[in-house]
Amino acid sequence: MLVSRGSRAAVITACAGLLLATSACGSDKTDGGATTTQVRLYGTDGNMLNSYATELKDRAELVNGMKGTTPLTPLPENFKERLLTVNPKLSDYLYSAETYDAVVISALAAQLAGSTDPAVIAKQIVGVTTNGERCDAPAACLELAREGRDIEYRGVSLTRAGFTDAGEPATASYATLHFDDQKIDDGKTEFVGAGNESGASSKAPPRAKKQRGGKSDKSDGSPLVLGGLLPQTGDLALAYPPMAAGAALAMKDVNAGGGVLGEPVVWIDGDDGTNPAVAKATVASHISKGVHVLIGAGASGISRAVLPDVVAAGRVLFSPSNTDAGLTTVDDKGLYFRTAPPDSLQGRALADVILRDGPHKIVIVARKDSYGEGLQENVRVELERAGMGADRVKLLTYVPPADAKAPPVDFSTGATEIKDYGADAVLIIGFGESAHVVTALADAGVQIRH
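Rules used throughout
- Residues numbered from 1 in each chain as written.
- Predicted model: local features only at pLDDT ≥ 70, side-chain atom pairs only at ≥ 80, totals over all residues.
- Heavy atoms only, no water.
- pLDDT = per-residue confidence, 0-100.
- Contact = heavy atoms within 4.5 Å.
- Buried < 20%, exposed > 50% of the residue type's maximum accessible area, 1.4 Å probe, protein only.
- Helix = DSSP H or I, 4+ residues; strand = E, 2+ residues; numbered from the N terminus.
- Pairing = 2+ DSSP bridges.
- Disulfide = S-S within 2.5 Å.
- Expected span 1.5 Å × (residues − 1).
- Bend = angle between axes of the 7 residues up to and from the residue.
- Axes fitted to C-alpha atoms, helices over the stretch in contact; angles between N-to-C directions.

Trainee: How would you sum up the confidence of the model for the protein chain? Please name residues and give values.
Mentor: Here the protein chain shows a mean pLDDT of 91. Residues at 70 or above account for 90%. Predicted confidence is poor over residues 1–34, with pLDDT under 50, and the contacts of this stretch with residues over four places away or in other chains come to 60 contacts.

Trainee: Run through the pairing of strand E17 (residues 393–398), naming residues and quoting values.
Mentor: With six of six residues buried, E17 lies mostly within the body of the structure. The alternating pattern of E17 places Val 393, Leu 395 and Thr 397 on one face and Lys 394, Leu 396 and Tyr 398 on the opposite face, and all of these are buried. Of the pairings in the sheet, the one linking strand E16 (residues 362–367) to E17 comprises six bridges and is parallel in character. The residue of E17 that forms the bridge with Ile 364 is Leu 395.

Trainee: Would you mind going over the state of the cysteines in detail, with residue names and values included?
Mentor: Applying the stated criterion across every chain yields a total of one disulfide. With its sulfur 2.1 Å from that of its partner, Cys 135 forms a disulfide with Cys 141. Linking Cys 135 and Cys 141, the disulfide has an S-S dihedral of approximately 120° and is accordingly described as right-handed. With a relative accessible area of 7%, Cys 135 lands in the buried category.

Trainee: Tell me about helix H9 (residues 300–312), and name the residues and values.
Mentor: With 13 residues, H9 should reach 18 Å at 1.5 Å per residue; the first-to-last C-alpha distance of 19 Å fits that figure. Approximately 45° is the largest bend angle found in H9, and it occurs at Val 306, with the proline Pro 308 only one to four residues beyond. Lining the buried residues of H9 we find strand E11 (225–229), helix H8 (276–288), strand E13 (293–296), strand E14 (316–319), strand E15 (336–338) and helix H11 (370–385). Backbone geometry just after H9 places Gly 314 at a positive phi near 70°.

Trainee: Please give an account of the sheet that holds strand E12 (residues 266–268) that cites residues and values.
Mentor: The strand order E12-E11-E13-E14-E15 describes an open sheet built from five strands, whose pairing is parallel. Both edges of this open sheet fall to E12 and E15, since each of them pairs with a single strand only. Neighbour-to-neighbour, the strand axes of the sheet open up by a mean angle of 25°, direction not taken into account. In this structure, E13 lies alongside E14, joined through three bridges in parallel fashion. Residue pairing across strands places Leu 294 opposite Leu 317, the latter belonging to E14.

Structure, rendered in structure tokens:
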């Protein structure tokens, strides 16, 4: 299903005018006189991963030259090395730090609350990151929490400021990544900050509960149980390995630091399938097993789908990778949190990356869900704010496969529209399935600039 913006006739006329004046719009003449289209490819956090190239199989060279943004703090080498002890085959680190911090913050909140009651834990989560005694190692932070002292956790991803009142980072760091030789070229990676430290919450959390005799005054002796709701399968499965490694490393560090309320924290694996039905089944299973905090989901749309179930059960949903800006104001009864920044921040960073190349006409292709369409709109607004007229920005969407057994994305019609439009820049907002957008462009005769 394709959705276009504006009058196709109008934009083609405009492009024709630009061609006469500037020989732009991404079209060139071959020696035989036939018109070809050359475009630069851009991506986002859902596809700017080394594993994305493998989605194109024997056509992986098509990603060479592709660049884009992703929420990413410069990761300490020591952290990467420790992740590799968990999974020596890691090729990406996307959302590993955010997952690590989501687990650690959940544990610290429970220790400060002196309880494994999810509602009580939720009231401490924002305060874990603001207006307290600064600490950055789980063991040291847990020790302060056991003494009943307010803390201000600074972790691997949460470095500049704490959470807002809405339970998400007030500031973010974005990396501009470049594909070269079918992999991300780390030597070209650039980092830029976004957001405002003044946006962090100034509210005082409930008073911390001091632990005595190995147990908190209000602890019932049961361990804190965290449940994974991560994309082991589905369109976002390419991001699962670093997220799983981040969670496992955090669990190791928390329990090495004495656990929570005198007990080791328990982790129960779970798949969100990048699919609402799979995720809902996992949520139901976690609830039946007494999970207090669910770490996930991977995709924003999946979190939207399961959040009513999580809230109805009185549990906490804490995502390391949701970026849909609309989730900031979702009705969550105070039970939803995220360590990933909202796409209102990424939209600005991504628009800047694209504009630096001086494109004349841009097509933004997005998977049809809250993540894809939300980021698409954020980028469109930022491009137009920077002076790109509406006649120079075209929006297209595609419906992602319902499950692994469904046919892959057919973007042939969309690729033809892009070629006819004369775009010289194409931003693809999607997960692993968006590789079929890249191959469709090539099959339509659109030359991808390297």
